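Fold and contact review
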Amino acid sequence: MAKIAIEAKKFSFYYGSFKALSDINLKIDKNQVTALIGPSGCGKSTFLRSLNRTNEILPNTHIEGRIMLDGEDIYDRAVDVVDLRRRVGMVFQKSNPFPKSIFDNVAYGLRINGAGNKAMIEARVEQSLKDAALWDEVSDRLKDSALDLSGGQQQRLCIARALAVQPEVILMDEPASALDPIATQKIEELIFTLKERYTIVIVTHNMQQAARISDVTAFFYLGQLIEVDKTNKIFTAPNKKQTEEYITGRFG
Amino acid sequence: MQNHFNQELANLKKNIQQMAELVDVQLEFAMQAMQTGNLELCKFVRNRDREIDAYDNLIQAQCENIIALFQPVAGDLRFIMTSLMINSQLERCGDIAVNIVKRVQKTLQKRDLLTDSGIQKLGSLARSMARDAIEAFMNNNLELAGKVIARDDEVDQQCRNTFHWLIDKMQSDAQLVEPGAHLIVLSRQLERLADHATNIAEDVIFLIEARIVAHQKK
């Protein structure tokens, strides 16, 4: 049995009085890629953001239930949110490098987390860029602006930035949807290699992408978790009719 | 896009249906040729096999296109896989119709041997299995598919009976060795026809229930 990295227990999320997620029970295995799929507005991105409390930035929201990270409730008052987001990093749909050098982008999280000396930071930046499969393309121009990189490179830079602070879990919200097929393939290969050391949760609208890269797929609809199973089961013989209708494009 | 995809699936199913009907008619004529020894019918069946072969190629190309262009999953994927498998089973059923009439032509001088051997009973058992298997696929009929599989043993038994009967005849009269050998081959073809029907029925169960039942001990 795989170890559990994150477990949602009867987790509900409200935007004002609107219940965007309803009693979600979901275990996310360690060192696996879990894909969250479902039509727009189904709650999958809300769930993803709930996993490192980025939703609370919005006003007038509240939760019910619990989300456990390594057995601890991340919504507990004692939890330091900055530390939580270090442990549970995030990569967004649109790459969002800071208007700084490539090096400073990756070093940013280390510096705000009060990381020690220059040599350590340099080593960690290099390792993170290597892990994000970007080092070979940027090693000779670390001082250049990150904004000069291509779209695919910028996204891998954001992944390197997330890796630099040594997270346990990486959340990805449509990380390849704005990229061309070659850049998309690089991101997918990267996800495949990263799962050896990290737990990855990814939201994607690209069904084939979910099928290719994930071990487990969870299908959300109207704020409910309809079905979760091994990805090969979901894409060959799902248990629920709604899941079959969605993945075969016969929804609604 | 979805309509376009559904249209492709409908086209594929229509072609398999037409191929199945053609195979059914070929088998019907082969059975009639067996009963009557009508040479014209034998020639007709032999000439018409190329139409089945054309469907075989067409359906294979259609399946390849659908997989490449639409990347079907779940029930849609099983439908394409099943179509490919049933396509090749049907093509072999067509070949069997041709093989039947060839053996009929080779045994025209000894019609009694064929008539008395129980081969016609074997033929009608195998053919009704093939017919039901095709119908089970066309109408997603799980129950009928199960019944087809259950009948395979009866065919095997009849085939053994025919074999022993023919061996006895061949031992008693050397003149019957050559036609008897042709009829053993013919009975073997009919037994294969029932196997193809069983395979089709197993494919139907896979299509409907996502369960692989082939190669399981009864």
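Refer to the preceding data block for the structure.
Residues numbered from 1 in each chain as written. Chains lettered and ligands numbered in written order. Predicted model: local features only at pLDDT ≥ 70, side-chain atom pairs only at ≥ 80, totals over all residues. Heavy atoms only, no water.

**Focus on the overall build of chain A**
Of the regular secondary structure elements, chain A holds 10 helices and 10 strands. Relative to a compact globule of 252 residues, whose C-alpha radius of gyration would be 18 Å, chain A shows 18 Å and is just as compact. With the principal axes as the frame, chain A shows a C-alpha extent of 55 × 45 × 35 Å. Buried residues in chain A amount to 52% of all 252 residues. For chain A, contacts bridging at least 24 residues in sequence account for 67% of all contacts bridging at least 6. Of the roughly 11,800 Å² that chain A leaves accessible, carbon and sulfur atoms contribute 50%. (Helix = DSSP H or I, 4+ residues; strand = E, 2+ residues; numbered from the N terminus. Rg over C-alpha atoms; globule rule 2.2 N^0.38 Å. Buried < 20%, exposed > 50% of the residue type's maximum accessible area, 1.4 Å probe, protein only. Contact = heavy atoms within 4.5 Å. Areas by Shrake-Rupley, 256 points an atom, 1.4 Å probe, with all protein chains shown as cover.)

**Structural notes on the nonpolar core**
M34, L90 and I100 of chain B are the most contacted members of the largest nonpolar core, which totals 67 residues. For this core, the secondary-structure elements that each account for two or more residues are α1 (2-36), α2 (39-70), α3 (74-106), α4 (111-116), α5 (119-138), α6 (142-150), α7 (152-172) and α8 (177-209) of chain B. With 13 residues, the single largest contributor to this core is α1 of chain B. In contact with I100 of chain B, other than residues within four places in its own chain, are A30, M31, M34, L186 and L190 of chain B. Counting residues in each nonpolar core, the second largest holds 49 residues, with L179, L190 and M207 of chain A together with A74 of chain B among its members. (Core = buried A, V, L, I, M, F, W, Y, C linked by side-chain atoms within 4.5 Å.)

**A word on the layout of surface pockets**
Residues and elements named next belong to chain A. Of the pockets and cavities examined, the largest pocket occupies roughly 550 Å³. Lining the largest pocket are 22 residues; nearest its centre among them are R85, G89, M90, R161 and A162. The residue inventory of the lining of the largest pocket, partitioned by class, reads 12 nonpolar, seven polar and three charged. (1 Å grid on protein atoms, 1.4 Å probe; cavity = no way out; pocket = protein on both sides within 12 Å on 5 of 7 lines; lining within 4 Å. Points joined across faces, edges and corners; volume = space filled by probe spheres on them. Nonpolar A, V, L, I, M, F, W, Y, C, P; charged D, E, K, R; others polar.)

**Points about the interface of chain A and chain B**
Note: interface size is frequently given as the accessible area lost on complex formation between the parts. Counting residues at the interface gives 10 residues for chain A, matched by 11 residues for chain B. Of the roughly 770 Å² buried where chain A meets chain B, counting both sides, 46% is carbon and sulfur surface. Of all residues in chain A, Q208, T248 and R250 of chain A bury the most surface against chain B, accounting for 49% of the area lost on that side. Applying the counting rule to chain A against chain B returns one salt bridge. D76 of chain B is the partner of R250 of chain A in a salt bridge, and the nearest nitrogen-oxygen pair spans 2.7 Å. Contributing elements (two or more residues each) for the side of chain A that touches chain B: α9 (231-236) and α10 (241-247) of chain A. (Buried area = accessible area lost by both parts, 1.4 Å probe. Salt bridge = Lys/Arg side-chain N within 4 Å of Asp/Glu carboxyl O.)

**Looking at the sheet that holds strand β8 (residues 199-203) of chain A**
All names here are of chain A. In space, the six strands of this open sheet follow the order β6-β7-β8-β3-β9-β10, with mixed pairing throughout. In the strand order of this sheet, the two ends are held by β6 (88-91) and β10 (224-230), each with one partner. Strand-to-strand twist across the sheet, computed as the mean angle between neighbouring axes with direction ignored, equals 20°. Here strand β3 (residues 33-37) runs beside β8; their pairing, made up of four bridges, is parallel. Bridging across to β8, V33 finds its partner in I200. Running at roughly 170° to β6, helix α6 (residues 151-164) makes contact with β6 and β7 (169-173) of the sheet. (Pairing = 2+ DSSP bridges. Axes fitted to C-alpha atoms, helices over the stretch in contact; angles between N-to-C directions.)

**What to know about the pattern of salt bridges**
Within the structure shown, the criterion is met by 25 salt bridges over all chains. For D70 of chain A, the salt bridge identified is with K30 of chain A, shortest N-O distance 3.2 Å. Note that D70 of chain A is positioned in the loop between β4 (61-69) and β5 (72-73) and K30 of chain A in the loop between β2 (18-29) and β3, a separation of 40 residues in sequence. The partner of E168 of chain A in a salt bridge is R87 of chain A, with the nearest N and O atoms 2.7 Å apart. Here R87 of chain A lies in helix α2 (residues 81-87) and E168 of chain A lies in the loop between α6 and β7, a separation of 81 residues in the sequence. Residue classification places E168 of chain A among the partly exposed residues on the basis of a relative accessible area of 28%. Salt bridges here are not isolated pairs; linked through shared partners, they connect D24, E28, R127 and R131 of chain B.

**Regarding the packing of aromatic side chains**
Residues and elements named next belong to chain A. Under the criterion given, the structure shown has eight aromatic pairs over all chains. Ring geometry for F98 against Y108: centres 4.6 Å apart, planes inclined by 50°, an arrangement best described as tilted. Taken together, the residues F98 in the loop between β6 and α3 (102-112) and Y108 in helix α3 connect sequence positions 10 residues apart. Looking at F98, the relative accessible area reads 27%, which means it is partly exposed. When the ring of F219 is compared with that of Y246, the centres are 5.0 Å apart and the planes differ by 20°; the resulting orientation is stacked. With F219 in strand β9 (residues 216-221) and Y246 in helix α10, this pair connects stretches of sequence that are 27 residues apart. (Phe/Tyr/Trp six-rings, centres within 6.5 Å; stacked < 30°, edge-to-face > 60°.)

**Section: the packing of α3 of chain B against α8 of chain B**
Residues and elements named next belong to chain B. Contact geometry of α3 with α8 gives a least axis separation of 9 Å together with a crossing angle of 170°. In terms of their interaxial angle, α3 and α8 are classed as roughly antiparallel. Here α3 and α8 pass one another in a crossing that is left-handed. Of the residues contributing to the contact of α3 with α8, the split by class is 17 nonpolar, eight polar and six charged. (Parallel < 35°, antiparallel > 145°, perpendicular 65-115°, else oblique. Left-handed = near helix turned anticlockwise from the far one by under 90°.)

**Things to note about the packing of α3 of chain A against α6 of chain A**
Residues and elements named next belong to chain A. Running from N to C, α3 and α6 point in directions that differ by 30°, and their axes come no closer than 7 Å. It follows from the interaxial angle that α3 and α6 lie roughly parallel. For the crossing formed where α3 meets α6, the hand is right-handed. Between α3 and α6, the residues in contact are I102, N105, V106 and L110 and L157, A160, R161 and A164, respectively. Its residues placed into classes, the contact of α3 with α6 shows six nonpolar, one polar and one charged.

**A closer look at the pairing of β9 of chain A**
Remember that side chains alternate between the two faces of the sheet whenever the strand is regular. Residue and element names in this part refer to chain A. β9 sits mainly inside the fold: five of its six residues count as buried. For β3 and β9, the ladder comprises four bridges, and the chain directions are parallel. Looking at the pairing, L36 lines up with A218 of β9. As defined by bridge partners, β9 adjoins β10 across six bridges and the pair is classed as antiparallel. From the neighbouring strand, T217 faces β10, where its bridge partner is D229. Adjacent in sequence and paired antiparallel, β9 and β10 are bridged by two residues, among which L222 carries a positive phi angle near 50°.

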